[in-house]
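Close look at the chain arrangement
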Amino acid sequence: MYNSTDKFSVMIDGGNSANHVLAYNHALAEKGVRKPKYCIVTHWHWDHTFGMHALDMETIACCKTNEELHRMSLWDWNDEAMKQRLISGEEIDFADEHIRAEYSKLEDIKVVPATITFNSKLVIDCGNITCECIHLSSAHSDDSVIIYIPEEKVIFIGDIYNDDFYNNHHRDLKKTEKLYQELSRIDFDIAVAGHSKPVRKGDILNFLSKFL
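Quick look at the structure, then.

What counts and what doesn't
Residues numbered from 1 in each chain as written. Predicted model: local features only at pLDDT ≥ 70, side-chain atom pairs only at ≥ 80, totals over all residues. Heavy atoms only, no water. Helix = DSSP H or I, 4+ residues; strand = E, 2+ residues; numbered from the N terminus. Rg over C-alpha atoms; globule rule 2.2 N^0.38 Å. Buried < 20%, exposed > 50% of the residue type's maximum accessible area, 1.4 Å probe, protein only. Contact = heavy atoms within 4.5 Å. Areas by Shrake-Rupley, 256 points an atom, 1.4 Å probe, with all protein chains shown as cover. Lys, Arg positive; Asp, Glu negative; His and termini not counted. Charge placed at Lys NZ, Arg CZ, Asp CG, Glu CD. Pairing = 2+ DSSP bridges. Right-handed = clockwise from strand over helix to strand, strands pointing away. Phe/Tyr/Trp six-rings, centres within 6.5 Å; stacked < 30°, edge-to-face > 60°. Lys NZ or Arg CZ within 6 Å of the ring centre and 35° of its normal. Expected span 1.5 Å × (residues − 1). Arc of directions from axis to C-beta.

**Remarks on the overall build of the protein chain**
Counting its secondary structure elements, the protein chain contains 7 helices and 11 strands. The C-alpha radius of gyration computed for the protein chain amounts to 17 Å, which stays within 12% of the reference 17 Å derived for 212 residues, consistent with globular compactness. Taken along its principal axes, the extent of the C-alpha atoms in the protein chain is 50 × 45 × 30 Å. Looking at the protein chain as a whole, 49% of its 212 residues are labelled buried. Looking at the protein chain alone, contacts between residues at least 24 apart form 62% of all its contacts between residues at least 6 apart. When the accessible surface of the protein chain is summed, it comes to about 10,700 Å², and 49% of that surface belongs to carbon and sulfur atoms. The average position of the 23 basic charges and that of the 34 acidic charges among the side chains of the protein chain differ by 4 Å.

**Notes on the pairing of strand E10 (residues 190-193)**
Bridge count for strand E9 (residues 154-158) against E10 is 4 bridges, and the pairing is parallel. Following the sheet pairing, Ile 155 is matched in E10 by Ala 191. With respect to chirality, the unit in which E9 leads through helix H6 (residues 173-185) into the neighbouring parallel E10 is right-handed. Relative to strand E11 (residues 199-200), E10 runs antiparallel, the two sharing 2 bridges. Bridging across to E11, Ile 190 finds its partner in Arg 200.

**Notes on unusual backbone geometry**
Notably, Lys 153 is not glycine yet its phi reads approximately 55°, a positive angle. The partly exposed category is assigned to Lys 153, whose relative accessible area is 33%. Positive phi outside glycine occurs at His 169, with the angle close to 60°. Looking at where His 169 falls in the secondary structure, it is placed in the loop between E9 and H6. Look at His 169 and you get partly exposed, because its relative accessible area is 47%.

**Structural notes on the environment of Val 41**
Residue position: Val 41 is located in the loop between strand E3 (38-40) and helix H2 (46-49). Sequence separation between Val 41 and Cys 62 is 21 residues; the distance between their C-alpha atoms is 7.8 Å. With residues up to four places along the chain from it excluded, the contact list for Val 41 reads Asp 13, His 48, Thr 49, Met 52, Ile 60, Ala 61, Thr 65 and Val 145.

**Brief notes about the packing of aromatic side chains**
According to the stated counting rule, one finds 8 aromatic pairs in the structure shown. An angle of 80° between the planes, with centres 5.4 Å apart, marks the rings of Phe 8 and Tyr 38 as edge-to-face. In this pair, Phe 8 is assigned in the loop between strand E1 (2-4) and strand E2 (9-12) and Tyr 38 in strand E3, connecting sequence segments 30 residues apart. Residue class for Phe 8 comes out buried when judged on its relative accessible area of 11%. A relative accessible area of 16% places Tyr 38 in the buried class. Ring centres of Phe 50 and Trp 77 lie 5.5 Å apart, and the angle between their planes is 80°; on these two criteria the pair is classed as edge-to-face. Taken as a pair, Phe 50 in the loop between H2 and strand E4 (58-62) and Trp 77 in the loop between helix H3 (63-73) and helix H4 (79-88) lie far apart in primary sequence, 27 residues in all. Of the two residues examined, Phe 50 and Trp 77, each falls in the buried class. Three or more aromatic residues joined by ring pairs make a cluster, and in this case those are Trp 46, Phe 50, Trp 75 and Trp 77. In this structure, Arg 71 packs its charged tip against the face of Trp 44, placed 5.7 Å from the ring centre.

**Regarding helix H1 (residues 18-31)**
Its 14 residues place the ends of H1 20 Å apart at the C-alpha level, agreeing with the 20 Å of an ideal helix rising 1.5 Å per residue. Val 21, Tyr 24, Asn 25 and Leu 28 are the residues of H1 that are buried. Viewed end-on, H1 has its buried residues packed into an arc of 95°, placing them on one side of the element. Exposed and facing more than 90 degrees away from the buried side of H1 are Asn 19, Leu 22 and Glu 30. At the exit of H1 stands Gly 32, carrying a positive phi of roughly 70°.

Take a look at the structure:
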C-alpha cells in the first residue's frame, strides 16, 4: 500500500518477498510516482514483513513487532527446520504452505528487524498530512498497529480485525471489544485493510460488534 504526501511517500507493510517488493516498485515506476521514504509495518506476520530486507528505505515497527522479527531472524530456513517448527508449534500449516509457495528456494528467505521502533504511538510529519502509527488491541496479533491519516480521515489497519491464525482461529472477545471501543473513538471514514477492499467505519464496527 502507498500513501503520498508533499514531503515524501510512505509504504504500508513490507511485502512477503523480494519479488513482491520488485513488483511493487515496478508498479510505482509505471505510475510515475516516487519511491517511499518509510515503510510502516502493521504486524509481524510473514506476508507483511518478509520483503523488508529488500527495501531501500527506513522501516518502522512497534517494539512488539520488532521482537518477533528478531526472533524469526535467528531461524534457519530450510525444509527440515521448517518441519520442526510445525512440530513445535512455532509455525502453522497455513503460513508454511504459503511461504513454500512464494519461495522456490527457501534459503532466499531473510528476516530483518525494523530500523525505527516505537511503543504505543509514533507521529510522522509528512507535510500536508500526518501519519499516526498507533498500537491497538487485536485478537489477530498482539503487536497490531494502525496508520491513521487524520487530514483524510483514513486508517490503514492491516489484519487487525481478524482472529488469531496462530491459535486455531481463536478470537479473544475482550481484545475485540477493546478494539471496537478504540476504533469508535477515532475520527475516520475509510479503513484500508491488508487483504480486502477498503470499507467504511460503520462496516468494520458492525463486523466487530457481532462478537460483542
